[in-house]
Amino acid sequence: MTNPLLPQTPGPIGIFDSGYGGLTILHGIRQLLPQYDYMYLGDNARAPYGSRSFEVVYQFTRQAVNKLFAMGCHLVILGCNTASAKALRSIQQRDLPNIDPSRRVLGIIRPTAENIGALTHSRHVGILATEGTIRSNSYAMEIGKLFPDITVTGEPCPLWAAIVEANEADSPGADYFVKKRIDRLMRRDPAIDTIILGCTHYPLLMNAIVRHVPDGVRIMPQGSYVADSLKDYLSRHQDMEAMITRGGTCRYLTTESEERFGECAQIFLHEHINPEHVELHD
């Protein structure tokens, strides 16, 4: 039964991230599906989520999802690997039946895992991600369900997201830390032929990453795979597709200052935006 307290008219697709990295997911989706309206929410005041407990990430993510629902979204994408790893299943199973069973929350780990089988030939895959995502073991579990023959090795990269947000992605310091983590990953499993960038910040480090991966190793950013998965989802769920407005617009919401968000967002989007401040609470 739908919740009469929530807007029942069509609205935008909601995309949530703890910070700025989800803007790379938004960019990939808008490139493929520019006709829809979007609403991006960054919980920048409480970022990063990577080192927080499962319970705290779940609480914060639930607040964000509720906010996006209240602002008219019927479909919310968790454009954040940490939130997808630590909160998605609880929200889907515990909260949606009570909030509004007609609404949907999707993550970005499953779409990535679904595509990995066609990309790896050695059946050895590496994951570069935040400490929280690696510790959750979510990628290994999702890939294992779909492709039990694939060996997954995860390597945490604790400074990479901060380097991106400091606009230092092309600095010598960034190069040092990228090389260090890739070398560690490849030492742990030299048979790896495909590496998943399991944090939405990491595509901005692509120049350095490509320099330091061995020849023949494929790099897999998530944006295009998530976009393809969303397009397929909407084609199979016409009832949900009918609840999305089509104006080609995007609103940006942040729990941080609008000025700060606008400055950092330019690193990811290369365009000027007009963000709005919101508060999140239960």
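See the structure above.
Values in this document were obtained by computation on a predicted structure and should not be read as measured data.

Engineer: Teacher, can you tell me more about unusual backbone geometry here?
Structural biologist: Trans peptide bonds make up the majority, and among non-glycine residues the majority have a negative phi. Ala47 connects to Pro48 through a cis peptide bond whose omega is 0°. With respect to the helices and strands, Pro48 occurs in the loop between β2 (38-42) and α2 (54-70). In this structure, His270 takes a positive phi of about 55° despite not being glycine. Relative to the helices and strands, His270 is located in the loop between α13 (258-269) and β10 (276-277).

Engineer: Looking at this model, I keep getting lost on the packing of helix α5 (residues 109-116) against helix α7 (residues 138-146). Mind explaining?
Structural biologist: The packing of two helices is summarised by the inter-axis angle and the distance between the axes. The geometry of α5 relative to α7 is characterised by a closest axis approach of 9 Å and an angle of 50° between their N-to-C directions. Viewed along their axes, α5 and α7 adopt a mutual orientation that is oblique. Read as a crossing pair, α5 and α7 show a hand that is right-handed. Of the residues in α7, those touching α5 at Ile109, Arg110, Thr112, Ala113, Glu114 and Ile116 are Ser138, Tyr139, Glu142, Ile143, Lys145 and Leu146.

Engineer: Explain the pairing of strand β9 (residues 250-254) here, please?
Structural biologist: Each regular strand carries side chains that alternate between the two faces of the sheet. For β9, the buried fraction is high: four of the five residues fall into the buried class. Alignment of β2 against β9, held across five bridges, turns out to be parallel. Looking at the pairing, Gly42 lines up with Thr254 of β9. Direction of pairing for β9 relative to β10: parallel, over a ladder of two bridges. Bridge pairing in β10 links Thr254 to His277. Taking the sense of rotation as the criterion, the β-α-β connection linking β9, α13 and β10 turns out right-handed.

What counts and how
- Residue indices begin from 1 for each chain and proceed along its sequence in written order.
- A pLDDT threshold of at least 70 governs which residues receive local features in this predicted model, and a stricter bar of 80 or more applies before side-chain atom pairs are shown or counted, although totals over entire chains, interfaces and linings include all residues.
- Hydrogens and waters are ignored; side-chain quantities use all the structure's heavy atoms.
- In this text, helices come from DSSP runs of H or I with a minimum length of four residues, and strands from runs of E with a minimum of two, each type numbered from the N-terminal end.
- For every element, the axis is a line fit to its C-alpha atoms; helices are fit only across the contacting stretch, and the angle between N-to-C directions ranges from 0 to 180 degrees.
- Small angles under 35 degrees read as roughly parallel and large ones over 145 as roughly antiparallel, with 65 to 115 read as roughly perpendicular and the rest as oblique.
- Helix crossings fall into two classes, left-handed where the near helix is turned counterclockwise from the far one by less than a right angle and right-handed where it is turned clockwise.
- The contact criterion used throughout is that any non-hydrogen atoms of two residues lie within 4.5 Å.
- Relative accessible area decides the class of each residue, using a 1.4 Å probe on protein chains only: under 20% of the type maximum gives buried, over 50% gives exposed, and in between gives partly exposed.
- Strands are labelled as partners when DSSP assigns at least two bridges between them.
- When the strands point away from the viewer, a crossover counts as right-handed if the path from the first strand over the helix to the second runs clockwise.

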